[in-house]
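Spelled out, the chains give:
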Amino acid sequence: MLTFALLTHFIYHLKSPFMTVCKYTLATILCCCFMLLTAQAQQKHIYIANDDHTDYFWSGNAATYQQAFLDVLDYYLDLNDATAGNALPYQNRYNCDAAFWVYTYKKYKTPTQFQRLINQIQSGHISVPLNMLVSTYGGQSAEAALRGMYWQGRLQRSYNLPFDIAISMENQTQPLGLSSLWAGAGARYSWKGVCGCASPVNYSELQNRTHEIYQYQGPDSTGVLMKWYSLNYNQGLGGYAEAWNPATAVNDCTNKCNTTGYPYVVAGGFGRGWDNLTTFDNTFPAVAQTNTNANRQVYVSNERDFFEHFETLYGNNLPTECVTYGNDWDTDCASLAEVTASVKRSVEKLRSAEALTTLVALQNPEFYPATDTLREKCWLALGQYWEHNFGLGGCCGDNERANWQRALANDVVTYVNQLYAQAVAALGGKIQKTGVNQRFFVMNPLNWQRTDAADIPYPGSAAIKVLDLQTGQETPFELLTIDGVQKLRVLAQNIPPVGYKIFEIQNSPGMAFPNTATISGNQMENDYYRITVTNSGVITSLQDKLNANTEYCQPLSSRYLNDLGSGNSSAGTLTLVNNGAVSATFRCVSANPVQHTTLVTLYKNINRIDLHNTINDNFGDAVRTYAFSFNLTNPTTHHEELGAILKAKETTQGGHYATNARRHGWQTLNHFADVSLAGRGVTLSNADAGFMKLGSSSTNFLDQNSPQVNVLAGGRMAGSGPGIYNQNGDTQFTSRFALQVHNNAFNQVNAMKYALEHQNPFVCGTVTGGTDYPETAFSFLSVSDPNVALWALKPSEEGIANGGIIARLWNLATTPSVCTLNFTRPATAAARTTHIETDIEPATVTNGNPIANIGQQQMQTYRVQLSCNTNPVIIGQNAVCVGANLYQYSIEPTPYATYNWTLNGNGIITAGQGTAAITVQWTGGSAGTVNVEEIVP
Ligand SMILES: [Zn+2]
């Protein structure tokens, strides 16, 4: 009854010896070429790349673009074939600027036609980048950016395709964290050109970039080789159509070589299409050929050839940039704030849905099939949602664009909600159950033990007690009504990593637990905090009771904490809606400055203030923020930006913020921002918003010493194009936060783990009973290093039977980690993969445990194949006597395993069936055997 599939067969795709040989050959040729030409007075190497920049919903709507993709690709497939007889530099090549071109071609063309495209991608005549569309990234969470490349990962593995370029184009700025995510997904190169339009970013600074080509690296020191030239104009070098006129690009690149700012003999002019819907240009081969002479070799480029050539000559001696340029068009997604927030929430919820799904699919691999239409739509939508013309107008009306965004968001929300609901139900049906009392599981999707509140729908009486079945103790509980549904809220204590505990409801009154808070008017106080809340939901005082009642609120520009703009006004009504054994909540309803409802919650034995805000009105095109003004003088703020934890200071102050060609009005805000002094501070967890403004930051000013964080609830930004008007009519906007004071220095491990706890509540479900998982408690996976967070745990995209499970880890510490992944089942094999699940290299497995070797602040992804104990050894006596004697037989127990013992011959198991040790009485015959099956969940 080893009821799981044995997984032994998988293939390492990415770094096959074949590809390595290929690259080596190419590099050698180019190198020789260069050396030969060195003798001829430094011949220059100019690469011109044709593409058709995709301005989705600017140059055409979805239907128009669909036809454009097909027509343009057909044109270049033919042209590439027609020039295949030319010498290598003069064969035509064409560059898709987004993987969605390939997706569309696959969907609407025959398999034979699609194979022709694949062949040309493999031969290097068509190139395709990792990005699904041309997007902005400042509004994305790390996992959203990665899932937006998942369809490409499947394509890569199916056809052994190179995906070594990723781009973000035209938008004037770029976040820092993207570099590591791209590198982790397998990209090695990127290029960028900007518009120099619809933006307040200083034009002359765009014209004078600090570096033109450099190693673009995140705080983890991984990244991509980046070509981002100083802007000439947007149809010239540094623009997004550098090769708008390919002959001009050749001359501009020639002049760029061997200059002070560009001391290199290899240059590239990329991009042809500009804003045009379609581009049909057959002149590149002739331009390359006629402009080649003794001083200059011109190539029709697939972009990769440029980078490989450049890297061979200069790769070891390039400057490094580890800076963020801030957010430009990125913030336009806040003009459809609630829809954008729904995507962010779903990506976070996916963490829990997939953790549960992993447990279910280990028992039933069909639960996560290799092909799933809804899943594919979700990944596709995440690759498209932040398309760079968000609200910029162009061909299409505001409503058409908004409706497209809503449809994409719906694809994400629908998939995640369905997976979550099905996994909750399925897991409840796999946990052993005895007795008739109602039981529910409380599952912790994170990889450290934690205590938190857990809610389960419960329509019954309050005359009950709730038992933690592992400890046998009564647990504090309360009944409360949330969104019109009565819920049972328990204080679920010490829930194990990636595991659960079972609670049972018994229909008799239990012991009394004290209430959480002491209430006095607008003041609420528990063991940790004393807070004063206005009728509008603003916290005007926050005292840390663990440190001499230190005050953490200090108004700035008349704004306090969780302050939507009402300041210390008393407008509105405040009600104590609950004060029970687990939590206490104020509800504040106010029309100042806009109709909104705020819930402020304190907990028993949980150091966290929860803030649940909902704006219940359309606020037009106004920019709405929740201010958090802390009583900290000249603090330092850190925050997560797309998989990187940044110090919000300029580079000259030891931070990550650029001092030129920047737009610092809004900072990316992913899971948290932390505002701290040397020895204490406060962490703000953010579940819904995408951006914050530090103090009074503006385009060319980072207010880096400000104690105020203003979280963007929504708004249409002036100066960056139109945005979606009036939030497209939406009237409800949810923004959830949590606050925690810490009486030690900022620690990014603690800050992130705290934010993850707030944003990944326990998952609860009814136990309906089954056979696969233990009755009272279970922990599937723990990681030996507490600084390493499990970022995702899921069945592989090809399914558990084919590809095992995927574990993505983020080492949040500033030192490297070698850590062990302790699964309940032994691992038979493991591999490090890219973040889009393509294998890189085998990983070490020691004593059945995969070992992860992770750089400082780095995120890594692993594939793990789990098995059973292949050779359990039974310990016991071989020579036995028939009769009354009792004999012990046992095996080394595995955590959570159960054991099914059977005897051949005449014997009786008198004790221990189901456990790792039994007692046997032999009753007759001359020989017998003892057999055991180990059943590991
Ligand atoms: Zn564009």
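Reading the values: the criteria
Residues numbered from 1 in each chain as written. Predicted model: local features only at pLDDT ≥ 70, side-chain atom pairs only at ≥ 80, totals over all residues. Heavy atoms only, no water. Domains from an automatic or database assignment. Contact = heavy atoms within 4.5 Å. Buried area = accessible area lost by both parts, 1.4 Å probe. Phe/Tyr/Trp six-rings, centres within 6.5 Å; stacked < 30°, edge-to-face > 60°. Helix = DSSP H or I, 4+ residues; strand = E, 2+ residues; numbered from the N terminus. Buried < 20%, exposed > 50% of the residue type's maximum accessible area, 1.4 Å probe, protein only. Lys NZ or Arg CZ within 6 Å of the ring centre and 35° of its normal. Salt bridge = Lys/Arg side-chain N within 4 Å of Asp/Glu carboxyl O. Core = buried A, V, L, I, M, F, W, Y, C linked by side-chain atoms within 4.5 Å. Pairing = 2+ DSSP bridges. Axes fitted to C-alpha atoms, helices over the stretch in contact; angles between N-to-C directions. Parallel < 35°, antiparallel > 145°, perpendicular 65-115°, else oblique. Nonpolar A, V, L, I, M, F, W, Y, C, P; charged D, E, K, R; others polar. Donors = N, O, S within 2.8 Å, 3.2 Å for Na, K, Ca; no water. Tetrahedral: all angles 85-135°; square planar, octahedral: opposite > 155°, others 65-115°. Left-handed = near helix turned anticlockwise from the far one by under 90°. Disulfide = S-S within 2.5 Å.

**Quick notes on the domain arrangement of the protein**
Item 1. According to the domain assignment, the protein contains domain 1 (44-322), domain 2 (439-509 + 762-766), domain 3 (518-759), domain 4 (780-867) and domain 5 (875-935).
Item 2. Computed over C-alpha atoms, the centres of domain 1 and domain 3 are 39 Å apart.
Item 3. Listed per partner, the contact involves 23 residues of domain 1 and 21 residues of domain 3.
Item 4. For the pairing of domain 1 and domain 3, the buried interface totals around 1,600 Å² over both sides, and the portion due to carbon and sulfur atoms is 58%.

**Considering the packing of aromatic side chains**
Item 1. One pass over the structure, following the stated rule, counts 49 aromatic pairs.
Item 2. Aromatic side chains Phe628 and Phe737 sit 5.1 Å apart centroid to centroid with 75 degrees between the ring planes, which places their arrangement in the edge-to-face category. With Phe628 in strand β27 (residues 624-629) and Phe737 in strand β35 (residues 733-742), the pair connects residues that are 109 residues apart, well separated along the chain.
Item 3. Given the relative accessible area of 0%, Phe628 is considered buried.
Item 4. You can call Phe737 buried: its relative accessible area is 0%.
Item 5. For the pair Trp791 and Trp810, a centre-to-centre distance of 5.0 Å together with 85 degrees between the ring planes defines the contact as edge-to-face. Of this pair, Trp791 sits in strand β39 (residues 788-795) while Trp810 sits in strand β40 (residues 805-811), placing them 19 residues apart in sequence.
Item 6. Residue classification places Trp791 among the buried residues on the basis of a relative accessible area of 3%.
Item 7. The residue whose ring lies beneath Arg147 is Tyr150, and the NZ or CZ to ring-centre distance is 4.9 Å.

**Quick look at the pattern of salt bridges**
Item 1. Here the structure, examined in full by the defined rule, presents 38 salt bridges.
Item 2. Two residues, Lys227 and Glu242, come together in a salt bridge whose shortest N-O distance is 2.7 Å. Placement of the pair is Lys227 in strand β6 (residues 223-227) and Glu242 in the loop between β6 and α9 (246-256), with a sequence separation of 15 residues. A single burial state applies to Lys227 and to Glu242, both of which are buried.
Item 3. Notably, a salt bridge pairs Arg450 with Asp452, separated by 3.7 Å at the nearest N-O pair.
Item 4. Note on Arg450: relative accessible area 3%, which makes it buried.

**Some remarks on the nonpolar core**
Item 1. Phe441, Met443 and Phe780 are the most contacted members of the largest nonpolar core, which has 152 residues in total.
Item 2. Looking at which element gives the most residues to this core, the answer is helix α14 (residues 398-428), with 12 residues.
Item 3. Setting aside residues no more than four positions away along its own chain, Met443 makes contact with Ala355, Leu356, Leu359, Leu427, Ile495, Val498, Gly499, Tyr500, Phe762 and Val763.
Item 4. Core analysis: the next-biggest nonpolar cluster, separate from the first, contains 50 residues, Leu542, Phe586, Tyr626 and Met692 among them.

**Focus: the sheet that holds strand β42 (residues 827-833)**
Item 1. Spatial strand order, β39-β40-β46-β42-β43: 5 strands in an open sheet with antiparallel pairing. The sheet is open, and its two edges are formed by β39 and β43 (839-842), each paired on a single side. The sheet shows a mean angle of 30 degrees between the axes of neighbouring strands, taken without regard to direction.
Item 2. Across 7 bridges, β39 lies against β40 in antiparallel orientation. Paired with Ala789 across the two strands is Trp810, which belongs to β40.
Item 3. Set on the sheet, helix α12 (residues 337-363) makes contact with β39, β40 and β46 (859-866); between it and β39 the angle comes to about 55 degrees.

**Some words on the packing of helix α2 (residues 62-82) against helix α3 (residues 100-108)**
Item 1. Where α2 meets α3, the axes come as close as 9 Å, and the angle between the chain directions of the two elements is 90 degrees. It follows from the interaxial angle that α2 and α3 lie roughly perpendicular. Residues Gln66, Phe69, Leu70, Val72, Leu73, Asp74 and Leu77 of α2 form the contact with α3, whose participating residues are Phe100, Trp101, Thr104, Tyr105 and Tyr108.
Item 2. Looking at the contact of α2 with α3, its residues break down into 9 nonpolar, 2 polar and 1 charged.

**Some points on the coordination of the zinc ion**
Item 1. Protein ligation of the zinc ion involves His53 (NE2), Asp55 (OD), Glu170 (OE) and His388 (NE2), the donor distances falling in the range 1.7 to 2.0 Å.
Item 2. Geometry at the zinc ion is irregular, judged from the 4 donor atoms that bind it and their angles of 92 to 144 degrees at the metal.
Item 3. For the zinc ion, all donor residues lie on one chain, and their spacing in sequence is H-x1-D-x114-E-x217-H. Taken together, the positions of Asp55 in the loop between β1 (44-49) and α2 and His388 in the loop between α13 (373-384) and α14 put the pair 333 residues apart, joining distant regions of the chain.

**Overview of the packing of α13 against α14**
When two helices pack together, their arrangement is given by the angle between their axes and by how far apart the axes lie.
Item 1. Here α13 crosses α14 at 135 degrees, and the two axes come no closer than 8 Å. In terms of axis orientation, α13 runs oblique to α14. Crossing geometry of α13 relative to α14 is assigned as left-handed. Of α14, the residues touching α13 (which contributes Leu374, Arg375, Lys377, Cys378, Trp379, Ala381, Leu382 and Gln384) are Trp404, Leu408, Asp411, Val412, Tyr415 and Gln418.
Item 2. Across the contact of α13 with α14, the residue classes tally to 9 nonpolar, 2 polar and 3 charged.

**Considering the sheet that holds β6**
Strand pairing in a sheet relies on backbone hydrogen bonds, with the paired strands running either antiparallel or parallel.
Item 1. Strand order in the open sheet formed by 4 strands is β4-β6-β5-β9, and the pairing between neighbours is mixed. At either end of the open sheet lies a strand with only one pairing partner, and these are β4 (189-191) and β9 (320-321).
Item 2. Direction of pairing for strand β5 (residues 213-217) relative to β6: antiparallel, over a ladder of 5 bridges. The residue of β6 that forms the bridge with Tyr216 is Val224.

**What to know about the state of the cysteines**
Item 1. Inspection of the entire model under this criterion finds 2 disulfides.
Item 2. Between the sulfur atoms of Cys195 and its disulfide partner Cys197 the distance amounts to 1.7 Å. Looking down the S-S bond of the Cys195 and Cys197 bridge, the torsion is 100 degrees, so its handedness is right-handed.
Item 3. The partly exposed category is assigned to Cys197, whose relative accessible area is 27%.
Item 4. There is a disulfide in this structure between Cys395 and Cys396, and the S-S distance comes to 2.4 Å. Across the disulfide from Cys395 to Cys396, rotation about the S-S bond amounts to roughly -55 degrees, and the bridge is consequently left-handed.
Item 5. By relative accessible area, Cys395 is classed as partly exposed at 42%.

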